[in-house]
Structures are given as C-alpha cells and as structure tokens.
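Survey of secondary and tertiary structure
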Amino acid sequence: MTALSDAAIRVRSALEARGLETPMRANNLTLDEKQARITGLMTEMMDVLGLDLEDDSLAETPDRIAKMYVREIFSGLDYAHFPKITLIDNKMKVDEMVQVRDITLTSTCEHHFVTIDGTATVAYIPRGKVIGLSKINRIVQFFARRPQVQERLNQQVLVALQTLLESDDVAVSITATHYCVKARGVMDATSTTTTTSLGGIFKSRPDTRQEFLSGVVR
Ligand SMILES: Nc1nc2c(ncn2[C@@H]2O[C@H](COP(=O)(O)OP(=O)(O)OP(=O)(O)O)[C@@H](O)[C@H]2O)c(=O)[nH]1
Ligand SMILES: [Zn+2]
C-alpha cells in the first residue's frame, strides 16, 4: 500500500472536519481486487441486459469498465493518487490575485454515473506561499475523478487549496454541463450549471469578489 503524502493527509482531515468528504466506507480491497470485483459485476449486468458477451466487440467491455472506474474516472477516491504539491516561498511578495481560468473539468455525476463536462476557475491571494500553477489543475482533476455533485466538488477544491496555502483567501467557480440533464431525463441540451465557493476576502470584500467573478467564464 502506498504511503499517503503529508498534503493528502492534511487535505483529507480538513474535508472530514468540515463534513465535506465524499461519503465512503472502507472495504480494504486493493485496487486490483476492486477491478476484479467490478469486472465480475459488469459481466453480470451486461448478461442481465441480454448482451452477448461472446461477441468480440463486447467481450472485453466488463474489463474496460472496471479499469476505467478504478484507474481513471474514480481514481480520485484514493488519496494515494493525490497530486504531488509544490509550494514555494512568496519571496516575490505577490499580494494580488492569482487566477487560473478555464481549467478542463471532466467528472461523473454520482446520481446517474454519467459525465459532467465543464471548466473551473480558481483564484487565490498569495500569502506566505505560492503554489505551482499546474498543481491547481491537478487538484481540480483529482476531486473530479470521483462520483460527484457539483456543489461538493466545488467545496472540496476550495478547502483543499485553503488547507495547502494556509489561507482562507481562495475562490473556486465551476460551470458544467451535466449529461444526466442533457442526454436523459429532462433532455435539456443547452443549460449549464455554475457553482461558486468564496473564502476569506473573496467573500468579505465586494471588490475582490467582483474581480474574481468578472474572470469566471460563462
Ligand atoms: N444539486 C445537484 N443535483 C444534481 C447534480 N447532478 C445531478 N443532479 C440531480 O440529481 C437529481 C436526482 O433526482 P431523482 O429524481 O432522484 O432522479 P431522476 O428520477 O433520474 O431525475 P431526473 O433527472 O429529473 O429524471 C436530479 O434532479 C439531477 O438533475 C449535481 O451536481 N448537483
Ligand atoms: Zn446525474
């Protein structure tokens, strides 16, 4: 079993303390064991649907889905996959907003297990530390690789960054298309959902809030 990084442990504790962790129950299965179990279950599901698993195009589908769930789209359920975080001292004394716009975000709706497709905008005001830019995208991706509701995903990214930066002054906004709204159910192909979480002075100072929101892609 991979030892978790200090950053991963601190972020998980902060989410648990705020009741923002994804609801989970430890089952002590390894990733390989999870993949094998899901392959069996997907085989059964396809069988129940009446699909011919001996067909050469379908035969490997249970394996593909199991691998995709465990190693790809739900890999963020395991903190062993939390990104390596690089923080550097703010020797350059940056005290204005750093904003990363239009971060690609692909997640999965936890109600229907279909795609959430959108972008995230993240900003913070540097204090003692500056975070490596790509690490912001990687943190978004890590939490996106879970079954999610957009509101929780938004909050998890906020609290993760607040914890790592040791500052409340972080803001996160996500705009996304939910395929459970677009491709089934209500079949609305045009609506998007925007969620926003503001911390510290992003919440308390109207001009900072406005500066952030004006950079959010809609
Ligand atoms: N708040 C929130 N709701 C979501 C999100 N993703 C999906 N949902 C909603 O979860 C709800 C589940 O409602 P149900 O009535 O149990 O499911 P359903 O019968 O499939 O509902 P319809 O989608 O209306 O057909 C739906 O309204 C979805 O649109 C999300 O990220 N945030
Ligand atoms: Zn859904």
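Counting restarts for each chain: residues are numbered from 1 in the order of the written sequence. As a convention, the first chain written is A and the first ligand written is 1, with the rest following in written order. Two thresholds apply to this predicted model, a pLDDT of at least 70 for residue-level local features and 80 or more for giving and counting side-chain atom pairs, whereas whole-chain, interface and lining totals are computed over all residues. Calculated side-chain values reflect all of the structure's heavy atoms, with hydrogen atoms and water omitted.

Bringing the environment of serine 13 into the picture now. Note on conventions: DSSP H or I runs of at least 4 residues are helices, E runs of at least 2 residues are strands, and numbering of each starts at the N terminus. Along the chain, serine 13 turns up in helix α1 (residues 6-17). Residue classification places serine 13 among the partly exposed residues on the basis of a relative accessible area of 38%. Separated by 147 residues in sequence, serine 13 and alanine 160 place their C-alpha atoms 9.9 Å apart. Of note is the side chain of serine 13, whose polar atom sits 2.9 Å from the backbone oxygen of isoleucine 9. Here the term buried applies to any residue with accessible area under 20% of the maximum for its type, exposed to any over 50%, and partly exposed to those in between, with areas from a 1.4 Å probe on protein chains only. Whenever a nitrogen or oxygen atom comes within 3.5 Å of another N or O atom, the pair is scored as a polar contact, on the condition that within protein one atom can donate a hydrogen and the other can accept it, and that pairs from neighbouring residues in sequence are kept only if both atoms are in side chains.

Another point: α1. Since the α-helix turns once every 3.6 residues, residues separated by three or four places project in the same direction. Residue count minus one, scaled by 1.5 Å, sets the expected span of a helix. The end-to-end C-alpha distance of α1 is 16 Å, a good match for the 16 Å that 12 residues give at a rise of 1.5 Å each. When we look at burial in α1, the residues that qualify are Ala7, Ala8, Val11, Ala14 and Leu15. Burial along α1 is one-sided: seen end-on, the buried residues are contained in an arc of 135°. With respect to the buried face of α1, the exposed residues turned more than 90 degrees away are Asp6, Glu16 and Ala17. Only heavy atoms enter the contact rule, under which two residues are in contact if any of them lie within 4.5 Å. Taken together, the buried residues of α1 touch α4 (133-144) and α5 (150-165). Arc, as used here, means the arc of the directions from the helix axis to the C-beta atoms.

Here the focus is the coordination of the zinc ion (ligand 2). Coordinating donors are taken to be N, O and S atoms lying within 2.8 Å of the metal, or within 3.2 Å when the metal is Na, K or Ca; because water is excluded from the atom set, some sites may appear incomplete. Those protein atoms acting as donors to the zinc ion (ligand 2) are Cys109 (SG), His112 (ND1) and Cys180 (SG), and they sit at 2.0 to 2.3 Å. For the zinc ion (ligand 2), the single-chain donor residues occur in sequence as C-x2-H-x67-C. With a gap of 68 residues between them, histidine 112 in the loop between β2 (98-109) and β3 (115-124) and cysteine 180 in helix α6 (residues 179-182) connect regions that are remote in the sequence. Histidine 112 sits in the partly exposed class, given a relative accessible area of 36%.

Now for the domain arrangement of the protein chain. Each domain span listed reflects an automatic or database assignment of domains. Domain annotation of the protein chain identifies domain 1 (6-10 + 17-78) and domain 2 (81-214). Placing a centre on the C-alpha atoms of domain 1 and another on those of domain 2 gives a separation of 25 Å. At the interface, 17 residues of domain 1 touch 17 residues of domain 2. As used here, buried area is the combined drop in accessible area, with a 1.4 Å probe, of two parts when they are placed together. Summed over both partners, the interface of domain 1 with domain 2 buries about 1600 Å², with 59% contributed by carbon and sulfur atoms. Looking at the side of domain 1 facing domain 2, the largest losses of area belong to Arg10, Leu20 and Phe74, adding up to 32% of the total buried there.

Further remarks concern the packing of α4 against α5. Angular values range over 0 to 180 degrees, each being the angle between N-to-C directions of two axes fitted as lines to C-alpha atoms, with helices fitted over their stretch in contact. Two elements in contact, α4 and α5, have axes whose closest approach is 9 Å; the angle formed by their N-to-C orientations is 135°. Looking at the two axes, α4 sits oblique to α5. Between α4 and α5 the crossing geometry is right-handed. Where α4 abuts α5, its residues Ile136, Ile139, Val140, Phe143 and Ala144 lie against Leu153, Gln156, Val157, Ala160, Leu161 and Leu164. Our angle categories are set so that under 35 degrees counts as roughly parallel, over 145 as roughly antiparallel, 65 to 115 as roughly perpendicular, and the remainder as oblique. Left-handed is the label given to a crossing in which the near helix is rotated counterclockwise from the far helix by less than a right angle, and right-handed is the label when the rotation is clockwise.

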